[in-house]
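Breakdown of the fold
Chain by chain, the residues:
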Amino acid sequence: MWSRRQGRLSTLACGVEELRCRRREREAALRKARREQQLVSKRLLREDAPEEAGGQSAAVLLGEAEVQQFLRLAQRGTDEKEREKALVSLRRGLQHPETQQTFIRLEGSMRTLVGLLTSNRALLQLEAARCLHELSHSEQSAVAEACLPATSYLLTYLSGHSSEFIELCLYTLGNLIVESEAVRKQLLPQGIVPALVACIQSPHVAVLEALGYALSQLLQSKEAPEKIIPENLGFGYFLAVFERSHWYLCGSCSQPTSAGSSLLDSSLLQHMLRLMQPGPKLNLGVAVEFAWCLHYIICSQVNNAMLLSHGALPTLAMLLLDMAGAAQRMDDAGLELLACPVFRCLSNLLTEVPVEAMGEQMELRDERIVAALFILLQFFLQKQPTLLSEGLWLLNNLTANSPTLCTSLLSLDLIEPLLQLLPLSNVISVLVLTVLCNIVEKGPAYCQRLWPGPLLSCLLNTLVLSDIEVVGQSLELLQLLFLYQPEAAQAFLQQSGLQALERHQEETQLRDRILALQQTAIHG
């Protein structure tokens, strides 16, 4: 009798371990794909007053002769007002893609614009910078590269006195950075990082937000992990950005640490993490931009162990709890903008935590984190469904190696709300099923909490779908459930489960798993 039981347990362990290994390999590939899928975006600042725009806010298509005329007037107009008006007209024309192409084809056009940018007339400088900003927003890399002669001046003006001008230069640089590798190759030796450091001294929130945007564009470039973060940027600079932002927003009298600080200076890191903690002084726009910066640094995998050792996970967890509270209070303005990078930061950092250390992380033993995540999932289900997959990926990473949080899902009766998400889409279905696999693979005690219940009927519904990934994940979940809970296999047979499997018999990718499941269901 003892020998027989020992043999059965050995077979069971082998089956579960094989399934677990297969799932972890697939999730590792998914994590790599998600890290490589960056958020490419551009910002456009347009603040024309209705009377200035003459009631016309739409882009105006300009021909070659008109572009030449406006440039000539801007350069040699009779007075400053006429010159400024010509640049305003040119700027509106540059909002049109065809005008942009016309502009960069004209010989000497960029030289003229750069000359106006470097003039000693503040209004002309500002309008010339706005023209460059329109060009930087183009979807054509050739237009961005045409702006290269202006980049060194844009960097120089970051140390100026006009917060409006600095903000405009930062957004223009951010747009150019993301568009072309040629632009980045020029900006790095020109000293974009020290120039960005200078902006930390600004007392203006708008400048700090623009700084976060420009920095995030730099950090998401493909060369960032090798050439920007370890060599040029370093955590010292990034953390100094956070420190300066926190110093201003909290009204502290202490001066920020300079950007040349030690790379692993724990006080800098702790100050950065304090900035990300919830509180009335935290500016949402600044927090969103630098949360994306943190996301890209985590994705670079340059030094995530340092982030973990100094408490990044607890800080992000507290921010998640605060976001859930905001959702409950319906104080949700901009919540979705912050949620996405926070979800991703947490998800990716969790993959860096060694399995044996999962129980040592206090936030990974706190059921409030699971409750908060479900509050946000329910909130975004109504407000921003595209964020559901981000939240479920985080839930998957939370439960993958944490029996405590799997227990929390069960004790808080969150399985049924989770199952209700299954019909939303194939992507959502796969993530929900993966989370359920995380729970089931923890052992018989967890399966007993799931059975009997609505799980089996939901899985029978997913088996009739045509999506191979959804069906495959359903088969994996059923296999685990049957191994640990043989009664579920009997119920599966009684509810025509084998007939549901027959429709996928011809699918090569599913054939072996279907056969294994059939054998488990029939023979136990």
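The following refers to the structure shown. (Residues numbered from 1 in each chain as written. Predicted model: local features only at pLDDT ≥ 70, side-chain atom pairs only at ≥ 80, totals over all residues. Heavy atoms only, no water.)

1. Focus on the state of the cysteines
Within the structure shown, the criterion is met by zero disulfides. Unpaired in terms of disulfides, Cys345 finds its nearest cysteine sulfur in Cys299, a separation of 7.8 Å. (Disulfide = S-S within 2.5 Å.)

2. Thoughts on the side chain of Thr399
Inspection of the secondary structure assignment puts Thr399 in helix α20 (residues 388-400). Owing to a relative accessible area of 0%, Thr399 belongs among the buried residues under this scheme. A polar atom in the side chain of Thr399 sits 2.9 Å from the backbone oxygen of Leu395. Every residue in contact with Thr399, bar those within four places of it in the chain, is listed here: Cys406, Leu409, Val435, Asn438 and Lys442. (Helix = DSSP H or I, 4+ residues; strand = E, 2+ residues; numbered from the N terminus. Buried < 20%, exposed > 50% of the residue type's maximum accessible area, 1.4 Å probe, protein only. Polar contact = N/O pair within 3.5 Å; in protein donor to acceptor, adjacent residues only side chain to side chain. Contact = heavy atoms within 4.5 Å.)

3. Observations concerning helix α3 (residues 80-93)
Between its first and last C-alpha atoms α3 spans 20 Å; for 14 residues at 1.5 Å apiece the expected length is 20 Å, and the two agree. Within α3, burial applies to Arg83, Ala86, Leu87, Val88, Leu90, Arg91, Arg92 and Gly93. One side-chain oxygen of the residue at the start of α3 lies 3.2 Å from the amide nitrogen of Lys81, identifying that residue as Asp79. (Expected span 1.5 Å × (residues − 1).)

4. Here's the deal with the packing of helix α8 (residues 148-156) against helix α10 (residues 181-190)
Closest axis-to-axis distance for the α8/α10 pair is 10 Å, and the angle between their directions is 35 degrees. Here the hand of the crossing between α8 and α10 comes out right-handed. Taken together, the residues of α10 that come into contact with α8 (itself represented by Leu148, Thr151, Ser152 and Leu155) are Ala182, Val183, Gln186, Leu187 and Gln190. (Axes fitted to C-alpha atoms, helices over the stretch in contact; angles between N-to-C directions. Left-handed = near helix turned anticlockwise from the far one by under 90°.)

5. So, the packing of aromatic side chains
Within this structure, the stated rule accounts for six aromatic pairs. For the ring pair Phe379 and Phe380, a centre distance of 5.3 Å and an interplane angle of 70 degrees mean the geometry is edge-to-face. Look at Phe482 and Phe492: their rings are 5.2 Å apart centre to centre, the planes differ by 55 degrees, and that puts the pair in the tilted class. Linking Phe482 in helix α26 (residues 468-484) with Phe492 in helix α27 (residues 486-494), this pair joins segments that are ten residues apart in sequence. Side by side, Phe482 and Phe492 carry an identical accessibility label, which is buried. Members of the aromatic cluster, joined through ring pairs, are Phe343, Phe379 and Phe380. (Phe/Tyr/Trp six-rings, centres within 6.5 Å; stacked < 30°, edge-to-face > 60°.)

6. Digging into helix α18 (residues 335-350)
Over its 16 residues, α18 runs 22 Å from end to end, which matches the ideal 22 Å to within 8%, given 1.5 Å per residue. Burial runs high along α18: 14 of the 16 residues are buried.

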